[in-house]
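Each chain, written out:
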Amino acid sequence: MLIIGCDYHPGFQQIAFVDTGTGELQERRLGHSQEAEAFYRELKQRGASVRVGMEASGQARWFERLLAELQFELWIGDAAQIRAKRVRKQKTDRQDAQHILDLLLENRFPRIWVPSWENRDLRQLLWHRHRMVQTRTRLMNQLQAVALNEGVRRKKGLWREAGRKQLETLALAPWASRRRRDLLEMLDRLTPRIAELTEAVEQEAEKYPAARRLVTHPGVGPLTALAFVLIIGEVERFRCGNQVASYLGLVPAEDSSGEHRRLGHISKQGNTLLRFLLVEAAQVTIRSDAEWRRKYFHLALRRGREIAKVAMARRLAVRLYWMWRKEWDYEQWKKFGPHAGQPGTGVGVQSNTE
(Lines give C-alpha, C1' and ligand atoms only; values in the text may rest on other atoms or scores of the structure.)
Protein backbone atom coordinates (compact mmCIF):
# COMPACT_ATOMS: atom_id res chain seq x y z
CA MET A 1 0.00 0.00 0.00
CA LEU A 2 1.05 3.58 -0.71
CA ILE A 3 0.40 5.83 2.31
CA ILE A 4 0.36 9.58 1.62
CA GLY A 5 0.49 12.45 4.08
CA CYS A 6 -1.01 15.50 2.39
CA ASP A 7 -0.60 19.12 3.50
CA TYR A 8 -3.45 20.65 1.49
CA HIS A 9 -3.55 24.29 0.32
CA PRO A 10 -6.03 25.93 -2.09
CA GLY A 11 -3.43 26.24 -4.85
CA PHE A 12 -1.20 23.23 -4.23
CA GLN A 13 -0.51 20.28 -1.95
CA GLN A 14 2.73 19.10 -0.40
CA ILE A 15 2.81 15.33 -0.01
CA ALA A 16 5.11 12.82 1.66
CA PHE A 17 4.46 9.18 0.79
CA VAL A 18 5.91 5.78 1.57
CA ASP A 19 5.51 2.40 -0.07
CA THR A 20 4.85 -0.08 2.73
CA GLY A 21 6.21 -2.89 0.57
CA THR A 22 9.61 -1.39 -0.22
CA GLY A 23 9.88 1.24 2.51
CA GLU A 24 10.78 3.90 -0.08
CA LEU A 25 9.99 7.46 1.08
CA GLN A 26 9.39 10.31 -1.35
CA GLU A 27 8.18 13.93 -1.31
CA ARG A 28 6.47 16.02 -3.98
CA ARG A 29 4.74 19.34 -4.43
CA LEU A 30 1.68 19.09 -6.70
CA GLY A 31 -0.10 22.08 -8.23
CA HIS A 32 -3.89 22.15 -8.40
CA SER A 33 -5.64 20.75 -10.08
CA GLN A 34 -4.11 19.32 -13.27
CA GLU A 35 -0.75 18.23 -11.85
CA ALA A 36 -2.30 16.62 -8.78
CA GLU A 37 -5.00 14.86 -10.82
CA ALA A 38 -2.40 13.47 -13.23
CA PHE A 39 -0.33 12.14 -10.30
CA TYR A 40 -3.20 10.26 -8.67
CA ARG A 41 -4.55 8.92 -11.94
CA GLU A 42 -1.10 7.54 -12.72
CA LEU A 43 -1.15 5.70 -9.38
CA LYS A 44 -4.51 4.22 -10.33
CA GLN A 45 -3.15 3.02 -13.68
CA ARG A 46 -0.30 1.31 -11.85
CA GLY A 47 -2.85 -0.55 -9.75
CA ALA A 48 -1.56 0.89 -6.49
CA SER A 49 -3.57 0.70 -3.29
CA VAL A 50 -3.54 4.22 -1.79
CA ARG A 51 -4.49 5.78 1.54
CA VAL A 52 -4.37 9.59 1.80
CA GLY A 53 -4.48 11.50 5.09
CA MET A 54 -5.13 15.24 5.32
CA GLU A 55 -6.41 17.84 7.75
CA ALA A 56 -10.03 18.93 7.61
CA SER A 57 -10.14 22.06 5.47
CA GLY A 58 -12.23 23.88 2.91
CA GLN A 59 -11.79 24.14 -0.87
CA ALA A 60 -11.11 20.40 -1.20
CA ARG A 61 -14.37 19.07 -2.65
CA TRP A 62 -12.84 18.40 -6.05
CA PHE A 63 -9.97 16.47 -4.41
CA GLU A 64 -12.37 14.33 -2.37
CA ARG A 65 -14.42 13.56 -5.50
CA LEU A 66 -11.25 12.60 -7.39
CA LEU A 67 -10.11 10.14 -4.72
CA ALA A 68 -13.62 8.67 -4.46
CA GLU A 69 -13.69 8.18 -8.24
CA LEU A 70 -10.30 6.43 -8.13
CA GLN A 71 -11.45 4.33 -5.13
CA PHE A 72 -8.59 5.55 -2.93
CA GLU A 73 -8.99 5.76 0.84
CA LEU A 74 -9.22 9.30 2.21
CA TRP A 75 -8.77 9.87 5.93
CA ILE A 76 -9.64 13.36 7.15
CA GLY A 77 -8.23 14.32 10.54
CA ASP A 78 -9.01 16.88 13.22
CA ALA A 79 -6.72 19.83 12.46
CA ALA A 80 -6.50 20.93 16.12
CA GLN A 81 -5.48 17.45 17.30
CA ILE A 82 -2.93 17.11 14.50
CA ARG A 83 -1.33 20.41 15.56
CA ALA A 84 -1.39 19.32 19.22
CA LYS A 85 0.60 16.18 18.37
CA ARG A 86 3.40 18.26 16.85
CA VAL A 87 6.61 18.32 18.91
CA ARG A 88 8.96 20.49 16.87
CA LYS A 89 8.68 24.26 17.01
CA GLN A 90 9.54 24.63 13.33
CA LYS A 91 6.70 24.48 10.83
CA THR A 92 6.98 24.16 7.05
CA ASP A 93 4.82 22.54 4.39
CA ARG A 94 7.28 19.65 4.07
CA GLN A 95 7.30 19.07 7.82
CA ASP A 96 3.47 19.23 7.93
CA ALA A 97 3.19 16.53 5.25
CA GLN A 98 5.79 14.38 7.00
CA HIS A 99 4.01 14.86 10.34
CA ILE A 100 0.70 13.65 8.89
CA LEU A 101 2.47 10.68 7.29
CA ASP A 102 4.07 9.75 10.63
CA LEU A 103 0.66 9.83 12.34
CA LEU A 104 -0.74 7.53 9.67
CA LEU A 105 2.14 5.06 9.97
CA GLU A 106 1.98 5.03 13.78
CA ASN A 107 -1.82 4.60 13.90
CA ARG A 108 -2.16 7.91 15.78
CA PHE A 109 -4.01 9.82 13.06
CA PRO A 110 -7.07 11.58 14.64
CA ARG A 111 -9.61 10.56 12.01
CA ILE A 112 -13.01 12.29 12.15
CA TRP A 113 -16.48 11.44 10.90
CA VAL A 114 -17.24 12.82 7.44
CA PRO A 115 -20.83 13.32 6.22
CA SER A 116 -22.04 11.78 2.98
CA TRP A 117 -22.28 13.75 -0.27
CA GLU A 118 -26.08 13.81 0.01
CA ASN A 119 -25.79 15.21 3.53
CA ARG A 120 -23.42 17.94 2.37
CA ASP A 121 -25.67 18.91 -0.51
CA LEU A 122 -28.69 19.27 1.78
CA ARG A 123 -26.61 21.46 4.06
CA GLN A 124 -26.12 23.76 1.08
CA LEU A 125 -29.91 24.11 0.88
CA LEU A 126 -30.04 25.17 4.55
CA TRP A 127 -27.17 27.62 4.18
CA HIS A 128 -28.60 29.07 0.97
CA ARG A 129 -31.98 29.73 2.59
CA HIS A 130 -30.30 31.17 5.69
CA ARG A 131 -28.23 33.63 3.64
CA MET A 132 -31.24 34.64 1.57
CA VAL A 133 -33.23 35.36 4.74
CA GLN A 134 -30.34 37.43 6.09
CA THR A 135 -30.27 39.44 2.86
CA ARG A 136 -34.02 40.04 3.05
CA THR A 137 -33.68 41.21 6.65
CA ARG A 138 -31.01 43.75 5.63
CA LEU A 139 -33.28 45.08 2.87
CA MET A 140 -36.21 45.39 5.26
CA ASN A 141 -34.06 47.20 7.83
CA GLN A 142 -32.95 49.73 5.20
CA LEU A 143 -36.55 50.37 4.18
CA GLN A 144 -37.51 50.79 7.83
CA ALA A 145 -34.78 53.43 8.10
CA VAL A 146 -36.18 55.24 5.06
CA ALA A 147 -39.63 55.27 6.63
CA LEU A 148 -38.34 56.43 10.04
CA ASN A 149 -36.49 59.33 8.42
CA GLU A 150 -39.85 60.48 7.07
CA GLY A 151 -41.60 60.15 10.41
CA VAL A 152 -43.33 56.81 9.67
CA ARG A 153 -42.97 54.28 12.48
CA ARG A 154 -45.06 51.19 11.82
CA LYS A 155 -42.65 48.37 12.77
CA LYS A 156 -44.04 45.09 11.37
CA GLY A 157 -47.08 46.93 10.07
CA LEU A 158 -44.86 48.45 7.38
CA TRP A 159 -44.98 45.11 5.51
CA ARG A 160 -48.75 44.84 5.50
CA GLU A 161 -50.76 46.19 2.60
CA ALA A 162 -51.51 49.57 4.17
CA GLY A 163 -47.95 50.04 5.39
CA ARG A 164 -46.46 49.08 2.04
CA LYS A 165 -48.75 51.55 0.27
CA GLN A 166 -47.74 54.33 2.65
CA LEU A 167 -44.05 53.54 2.11
CA GLU A 168 -44.45 53.69 -1.66
CA THR A 169 -46.27 57.04 -1.57
CA LEU A 170 -43.76 58.88 0.64
CA ALA A 171 -42.46 62.05 -1.02
CA LEU A 172 -38.69 61.56 -1.28
CA ALA A 173 -35.77 63.28 -2.98
CA PRO A 174 -34.75 61.78 -6.37
CA TRP A 175 -31.93 59.51 -5.18
CA ALA A 176 -33.75 58.49 -2.01
CA SER A 177 -36.73 57.59 -4.20
CA ARG A 178 -34.45 55.53 -6.46
CA ARG A 179 -33.05 53.72 -3.42
CA ARG A 180 -36.56 52.92 -2.14
CA ARG A 181 -37.62 51.58 -5.54
CA ASP A 182 -34.56 49.35 -5.92
CA LEU A 183 -34.86 47.98 -2.38
CA LEU A 184 -38.53 47.17 -2.88
CA GLU A 185 -37.79 45.41 -6.18
CA MET A 186 -35.06 43.26 -4.59
CA LEU A 187 -37.36 42.48 -1.68
CA ASP A 188 -40.14 41.40 -4.04
CA ARG A 189 -37.75 39.12 -5.91
CA LEU A 190 -36.35 37.53 -2.75
CA THR A 191 -39.63 36.74 -0.99
CA PRO A 192 -40.95 34.10 -3.45
CA ARG A 193 -37.50 32.48 -3.69
CA ILE A 194 -37.30 32.15 0.08
CA ALA A 195 -40.80 30.65 0.10
CA GLU A 196 -39.65 28.12 -2.51
CA LEU A 197 -36.60 27.18 -0.45
CA THR A 198 -38.72 26.89 2.69
CA GLU A 199 -41.03 24.47 0.93
CA ALA A 200 -38.02 22.44 -0.20
CA VAL A 201 -36.74 22.27 3.40
CA GLU A 202 -40.15 21.02 4.59
CA GLN A 203 -40.21 18.34 1.91
CA GLU A 204 -36.70 17.15 2.76
CA ALA A 205 -37.50 17.07 6.49
CA GLU A 206 -40.42 14.72 5.78
CA LYS A 207 -37.98 12.17 4.37
CA TYR A 208 -36.20 11.76 7.72
CA PRO A 209 -38.11 9.92 10.50
CA ALA A 210 -35.92 11.56 13.15
CA ALA A 211 -36.73 15.04 11.84
CA ARG A 212 -40.46 14.25 11.87
CA ARG A 213 -40.21 13.30 15.54
CA LEU A 214 -38.19 16.38 16.48
CA VAL A 215 -40.75 18.69 14.85
CA THR A 216 -43.29 17.60 17.47
CA HIS A 217 -41.31 19.52 20.12
CA PRO A 218 -42.72 23.04 20.74
CA GLY A 219 -40.66 25.70 18.98
CA VAL A 220 -38.88 23.28 16.63
CA GLY A 221 -39.78 23.61 12.97
CA PRO A 222 -38.70 21.63 9.90
CA LEU A 223 -35.66 23.87 9.36
CA THR A 224 -34.23 23.33 12.87
CA ALA A 225 -35.12 19.62 12.89
CA LEU A 226 -33.52 18.96 9.50
CA ALA A 227 -30.40 20.96 10.40
CA PHE A 228 -30.05 19.01 13.67
CA VAL A 229 -30.32 15.65 11.91
CA LEU A 230 -27.90 16.58 9.12
CA ILE A 231 -25.22 18.16 11.32
CA ILE A 232 -25.30 15.55 14.10
CA GLY A 233 -25.29 12.93 11.35
CA GLU A 234 -25.26 9.72 13.38
CA VAL A 235 -26.72 9.86 16.86
CA GLU A 236 -24.60 6.85 17.93
CA ARG A 237 -21.47 9.02 17.67
CA PHE A 238 -22.35 10.62 21.02
CA ARG A 239 -22.68 8.86 24.37
CA CYS A 240 -24.54 11.63 26.18
CA GLY A 241 -26.14 15.01 25.78
CA ASN A 242 -23.08 16.83 27.16
CA GLN A 243 -21.04 15.61 24.21
CA VAL A 244 -23.67 16.97 21.80
CA ALA A 245 -23.64 20.36 23.54
CA SER A 246 -19.83 20.41 23.36
CA TYR A 247 -19.88 19.40 19.68
CA LEU A 248 -22.20 22.34 18.94
CA GLY A 249 -20.06 24.83 20.88
CA LEU A 250 -22.73 25.45 23.54
CA VAL A 251 -20.54 24.72 26.57
CA PRO A 252 -18.28 27.29 28.24
CA ALA A 253 -14.59 27.43 27.46
CA GLU A 254 -12.53 26.42 30.50
CA ASP A 255 -9.09 27.40 31.74
CA SER A 256 -8.61 25.64 35.08
CA SER A 257 -5.54 24.59 37.02
CA GLY A 258 -5.16 23.32 40.57
CA GLU A 259 -7.61 25.06 42.88
CA HIS A 260 -8.36 27.73 40.32
CA ARG A 261 -11.31 27.12 37.98
CA ARG A 262 -12.26 29.66 35.34
CA LEU A 263 -15.20 29.28 32.94
CA GLY A 264 -15.49 31.70 30.05
CA HIS A 265 -17.99 32.29 27.29
CA ILE A 266 -19.26 29.38 25.16
CA SER A 267 -16.61 27.84 22.94
CA LYS A 268 -18.50 28.40 19.63
CA GLN A 269 -16.51 25.53 18.09
CA GLY A 270 -19.51 23.86 16.49
CA ASN A 271 -21.70 24.58 13.51
CA THR A 272 -22.72 28.26 13.55
CA LEU A 273 -25.95 27.72 11.62
CA LEU A 274 -27.33 25.04 13.95
CA ARG A 275 -26.31 27.04 17.01
CA PHE A 276 -28.21 30.06 15.63
CA LEU A 277 -31.28 27.96 14.86
CA LEU A 278 -31.28 26.37 18.32
CA VAL A 279 -31.17 29.78 20.01
CA GLU A 280 -34.10 30.94 17.88
CA ALA A 281 -36.08 27.74 18.50
CA ALA A 282 -35.44 27.92 22.24
CA GLN A 283 -36.93 31.43 22.36
CA VAL A 284 -40.08 30.15 20.63
CA THR A 285 -40.25 27.26 23.12
CA ILE A 286 -40.01 29.73 26.00
CA ARG A 287 -43.10 31.55 24.71
CA SER A 288 -45.12 28.34 24.33
CA ASP A 289 -44.04 26.23 27.35
CA ALA A 290 -44.69 27.43 30.90
CA GLU A 291 -41.93 25.29 32.44
CA TRP A 292 -39.33 26.61 30.01
CA ARG A 293 -40.55 30.17 30.61
CA ARG A 294 -40.03 29.80 34.37
CA LYS A 295 -36.52 28.40 33.92
CA TYR A 296 -35.62 31.12 31.42
CA PHE A 297 -36.71 34.00 33.65
CA HIS A 298 -35.00 32.41 36.65
CA LEU A 299 -31.72 32.27 34.69
CA ALA A 300 -32.24 35.73 33.20
CA LEU A 301 -32.58 37.29 36.66
CA ARG A 302 -29.33 35.68 37.83
CA ARG A 303 -27.14 35.81 34.69
CA GLY A 304 -28.81 38.09 32.17
CA ARG A 305 -31.00 37.45 29.14
CA GLU A 306 -28.22 36.66 26.65
CA ILE A 307 -26.70 33.92 28.80
CA ALA A 308 -30.17 32.58 29.59
CA LYS A 309 -31.01 32.27 25.88
CA VAL A 310 -27.86 30.25 25.21
CA ALA A 311 -28.51 28.06 28.26
CA MET A 312 -32.00 27.25 26.99
CA ALA A 313 -30.59 26.50 23.53
CA ARG A 314 -28.19 24.01 25.13
CA ARG A 315 -31.09 22.46 27.03
CA LEU A 316 -33.04 22.14 23.78
CA ALA A 317 -30.10 20.52 21.98
CA VAL A 318 -29.76 17.88 24.72
CA ARG A 319 -33.49 17.16 24.68
CA LEU A 320 -33.56 16.78 20.89
CA TYR A 321 -30.61 14.41 21.11
CA TRP A 322 -32.42 12.12 23.58
CA MET A 323 -35.67 12.28 21.62
CA TRP A 324 -33.74 11.13 18.55
CA ARG A 325 -31.77 8.46 20.40
CA LYS A 326 -34.82 7.04 22.19
CA GLU A 327 -36.99 7.42 19.06
CA TRP A 328 -39.56 9.40 21.03
CA ASP A 329 -41.84 12.21 19.94
CA TYR A 330 -42.66 15.06 22.31
CA GLU A 331 -45.63 13.33 23.95
CA GLN A 332 -43.53 10.22 24.63
CA TRP A 333 -40.79 12.43 26.05
CA LYS A 334 -43.23 14.00 28.51
CA LYS A 335 -44.48 10.55 29.50
CA PHE A 336 -41.19 8.66 29.79
CA GLY A 337 -38.62 11.46 30.12
CA PRO A 338 -36.59 12.40 33.21
CA HIS A 339 -39.57 14.15 34.90
CA ALA A 340 -41.95 11.18 34.63
CA GLY A 341 -43.53 10.34 37.98
CA GLN A 342 -42.78 13.70 39.60
CA PRO A 343 -45.67 15.63 41.21
CA GLY A 344 -47.44 18.01 38.90
CA THR A 345 -46.41 16.37 35.64
CA GLY A 346 -49.62 14.42 35.14
CA VAL A 347 -47.75 11.42 33.74
CA GLY A 348 -45.78 8.48 35.03
CA VAL A 349 -46.38 6.92 38.45
CA GLN A 350 -49.86 7.58 39.80
CA SER A 351 -50.76 7.88 43.48
CA ASN A 352 -52.71 5.02 45.02
CA THR A 353 -53.96 7.08 47.97
CA GLU A 354 -57.56 8.06 48.27
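Calculation criteria
- Residues numbered from 1 in each chain as written.
- Predicted model: local features only at pLDDT ≥ 70, side-chain atom pairs only at ≥ 80, totals over all residues.
- Heavy atoms only, no water.
- Axes fitted to C-alpha atoms, helices over the stretch in contact; angles between N-to-C directions.
- Helix = DSSP H or I, 4+ residues; strand = E, 2+ residues; numbered from the N terminus.
- Parallel < 35°, antiparallel > 145°, perpendicular 65-115°, else oblique.
- Left-handed = near helix turned anticlockwise from the far one by under 90°.
- Contact = heavy atoms within 4.5 Å.
- Expected span 1.5 Å × (residues − 1).
- Buried < 20%, exposed > 50% of the residue type's maximum accessible area, 1.4 Å probe, protein only.
- Arc of directions from axis to C-beta.
- Polar contact = N/O pair within 3.5 Å; in protein donor to acceptor, adjacent residues only side chain to side chain.
- Pairing = 2+ DSSP bridges.
- Phe/Tyr/Trp six-rings, centres within 6.5 Å; stacked < 30°, edge-to-face > 60°.
- Lys NZ or Arg CZ within 6 Å of the ring centre and 35° of its normal.

**Student:** Explain the packing of helix 7 (residues 174-206) against helix 9 (residues 222-232) here, please?
**Tutor:** Relative orientation and spacing of two packed helices are given, respectively, by the angle between their axes and the distance between those axes. Interaxial distance between helix 7 and helix 9 falls to 9 Å at its minimum, and their mutual angle equals 55°. For the element pair helix 7 / helix 9, the angle class is oblique. Judged by the twist between their axes, the crossing of helix 7 over helix 9 is left-handed. Contacts from Val 201, Glu 202, Glu 204 and Ala 205 of helix 7 reach helix 9 at Pro 222, Leu 223 and Leu 226.

**Student:** What is the right way to read helix 12 (residues 290-303) from this model?
**Tutor:** For an α-helix, the turn length of 3.6 residues means that residues three or four places apart are oriented alike. Between the first and last C-alpha of helix 12 there are 20 Å, a value that for 14 residues agrees with the 20 Å anticipated at 1.5 Å per step. If you check which residues of helix 12 are buried, you get Trp 292, Tyr 296, Leu 299 and Ala 300. Down the axis, helix 12 shows its buried residues gathered within 105° of arc, on one side only. In helix 12, the exposed positions that point more than 90 degrees away from the buried face belong to Arg 294, Leu 301 and Arg 302. Residues of helix 12 that are buried sit in contact with helix 11 (272-288) and helix 13 (305-326). Looking at where helix 12 begins, the residue whose side-chain oxygen comes 2.9 Å from the main-chain nitrogen of Glu 291 is Asp 289.

**Student:** Any chance you could explain the sheet that holds strand 3 (residues 25-31) here in plain terms?
**Tutor:** Hydrogen bonding along the main chain pairs the strands of a sheet, whether they run parallel or antiparallel. Taken together, five strands build an open sheet; the order of strands is 3-2-1-4-5 and the sheet is mixed. Single-partner strands in this sheet number two, and they are strand 3 and strand 5 (73-77). If you compare each strand with its neighbour and ignore which way they point, the axes differ by 20° on average. As paired strands, strand 2 (residues 12-19) and strand 3 are joined by seven bridges and run antiparallel to one another.

**Student:** For this particular structure, what's the right way to read the packing of aromatic side chains?
**Tutor:** Describing an aromatic ring pair means giving the distance of the ring centres and the angle of the ring planes. This model, assessed by the stated rule, comprises 12 aromatic pairs. Their ring planes at 80° and their centres at 5.1 Å tell us that Phe 39 and Tyr 40 sit as a pair that is edge-to-face. You'll find Phe 39 and Tyr 40 in the same group, each marked buried. Taken together, the aromatic side chains of Tyr 8, Phe 17, Phe 39, Tyr 40, Trp 62 and Phe 63 make up a single cluster linked through ring pairs. Above the ring of Phe 12, the side-chain terminus of Arg 29 is found at 3.6 Å from the ring centroid.

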